[in-house]
Amino acid sequence: MPADEAYPVTPCTLQGVTVTLGGVPVLRHLDLAIPDGDFLVVLGANGSGKSTLLRACLGLVPVTTGEVRLFGTQVASFRQWSRIAYAPQQFPDCRAIPVSVSEFIASGQTGPSIVGRRNRAALQHATVALGLWDLRRRAIGELSGGQQRRCLVARALGRMSDLLFLDEPTAGVDEEGQHLLAAVLRSRRDEGGTTVVVTHEHNAVSDLATRCLVVEPTGLRYC
């Protein structure tokens, strides 16, 4: 479905969004617009709804009221998923199907772009930039939690998306890994990429932010 011409075609927009989980309102009547080139850092206490906000943007949790649009299109009708990348907070269980680091990072590719030279270069760049090149042949299940977290981010970055969502990308990542991540995200921001980072360890990325907001029981507060 094409974007509504009367609606602003920003990467992501929420209007009047309420999300209820298990009968309990988690997010209440939120309005948020994420414009091109924004580097938005989302903060908040544990259980405040930070990850739920991100998942609502992606259509992974239903909204009770209001609407979410991606690039001007209602999220339920959105089909251009190659424009969006997402690194979730929870790492998938790869024990049943062992894969190498390089195979896992490449698994984020979709459609004809899988065989594209440009995409292969992007995958290699993300693998090197996040300090994973020497680990590329290791089984993903053998890595530490912090290394697996970097693999999630590398997989998302390799998609060369217009809009990138990262949920707690620094959790469990050591100081060196956080510096590598910050450098990669700084380059993306400087190149005009739109990024949303949910985190409670904001020191690693706060200086990259164009905006910071805090998710609170009463709504959103910019800081």
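Now for a description of the structure that goes with this document. (Residues numbered from 1 in each chain as written. Predicted model: local features only at pLDDT ≥ 70, side-chain atom pairs only at ≥ 80, totals over all residues. Heavy atoms only, no water.)

Glancing now at the overall build of the protein. Counting its regular elements, the protein contains 5 helices and 10 strands. Relative to the compact-globule value of 17 Å for 223 residues, the protein shows a C-alpha radius of gyration of 17 Å, a close match. The principal-axis extents of the C-alpha atoms in the protein amount to approximately 45 × 35 × 35 Å. Expressed as a percentage of the 223 residues in the protein, the buried residues total 48%. At a minimum sequence separation of 6, the contacts of the protein that also span at least 24 residues come to 69%. Taken as a whole, the protein presents about 11000 Å² of accessible surface, with 53% of it coming from carbon and sulfur. With 22 positive and 21 negative side-chain charges, the protein shows a spacing of 5 Å between the two charge centroids. (Helix = DSSP H or I, 4+ residues; strand = E, 2+ residues; numbered from the N terminus. Rg over C-alpha atoms; globule rule 2.2 N^0.38 Å. Buried < 20%, exposed > 50% of the residue type's maximum accessible area, 1.4 Å probe, protein only. Contact = heavy atoms within 4.5 Å. Areas by Shrake-Rupley, 256 points an atom, 1.4 Å probe, with all protein chains shown as cover. Lys, Arg positive; Asp, Glu negative; His and termini not counted. Charge placed at Lys NZ, Arg CZ, Asp CG, Glu CD.)

The strand order across the open sheet built from 6 strands is β6-β7-β8-β3-β9-β10, with neighbouring strands paired in mixed fashion. Strands with a single pairing partner mark the edges of an open sheet, and in this sheet they are β6 (84-87) and β10 (219-222). When the angles between neighbouring strand axes are averaged without regard to direction, this sheet yields 20°. Across 4 bridges, the pairing between strand β9 (residues 211-216) and β10 is antiparallel. (Pairing = 2+ DSSP bridges. Axes fitted to C-alpha atoms, helices over the stretch in contact; angles between N-to-C directions.)

Within a sheet, adjacent strands bond to each other through the backbone by hydrogen bonds, running parallel or antiparallel. Here we have 4 strands laid out as an open sheet, ordered β2-β1-β4-β5, and antiparallel in their pairing. Lying at the two open borders of the sheet, with one neighbouring strand each, are β2 (24-34) and β5 (73-74). Of the strand pairs in this sheet, strand β1 (residues 12-21) and strand β4 (residues 65-70) are connected by 5 bridges, and their pairing is antiparallel. Opposite Thr 18, over in β4, you have Thr 65 as the bridge partner. Helix-sheet contacts for helix α1 (residues 50-57) involve β1, β2 and β4, and the interaxial angle to β1 is about 120°.

Moving on, we come to the environment of Arg 189. Among the structural elements, Arg 189 can be located in helix α5 (residues 175-190). Arg 189 gets classed as partly exposed once you look at its relative accessible area, which sits at 23%. Separated by 110 residues in the primary sequence, Arg 189 and Arg 79 have C-alpha atoms spaced 25 Å apart. In this view, Arg 189 contacts Phe 39, Asp 207 and Leu 208; residues no more than four positions away in its chain are not counted.

Taking burial as the measure, the 8 residues of α1 include 6 buried ones, the bulk of the element. Listed as buried for α1 are Lys 50, Thr 52, Leu 53, Leu 54, Ala 56 and Cys 57. Trailing α1 by a residue or two, Gly 59 shows a phi angle of about 75°, which is positive.

This part covers helix α4 (residues 145-157). For α4, built from 13 residues, the straight-helix expectation of 18 Å at 1.5 Å per residue is met to within 8% by its first-to-last C-alpha distance of 19 Å. α4 sits mainly inside the fold: 11 of its 13 residues count as buried. In this fold, the buried residues of α4 make contact with β6, α2 (101-106), α3 (117-129), β7 (163-167) and α5. (Expected span 1.5 Å × (residues − 1).)

Glancing now at the nonpolar core. Among the nonpolar cores identified, the biggest contains 33 residues, and Leu 130 and Leu 185 are the most heavily contacted of them. Looking at this core, the elements with two or more residues in it are β3 (39-43), β6, α2, α3, α4, β7, α5 and β9. Contact partners of Leu 185, with chain neighbours within four places excluded, come to Phe 39, Leu 164, Leu 166, Val 205 and Leu 208. (Core = buried A, V, L, I, M, F, W, Y, C linked by side-chain atoms within 4.5 Å.)

Next up on the list: the packing of aromatic side chains. Following the criterion strictly, the structure yields 3 aromatic pairs and no others. Ring centres of Phe 71 and Phe 78 lie 6.2 Å apart, and the angle between their planes is 20°; this geometry places the pair in the stacked category. For Phe 78, a relative accessible area of 2% puts it in the buried group. Arranged with centres 4.9 Å apart and planes meeting at 85°, the rings of Phe 78 and Trp 81 form a pair that is edge-to-face. Looking at Trp 81, the relative accessible area reads 33%, which means it is partly exposed. (Phe/Tyr/Trp six-rings, centres within 6.5 Å; stacked < 30°, edge-to-face > 60°.)

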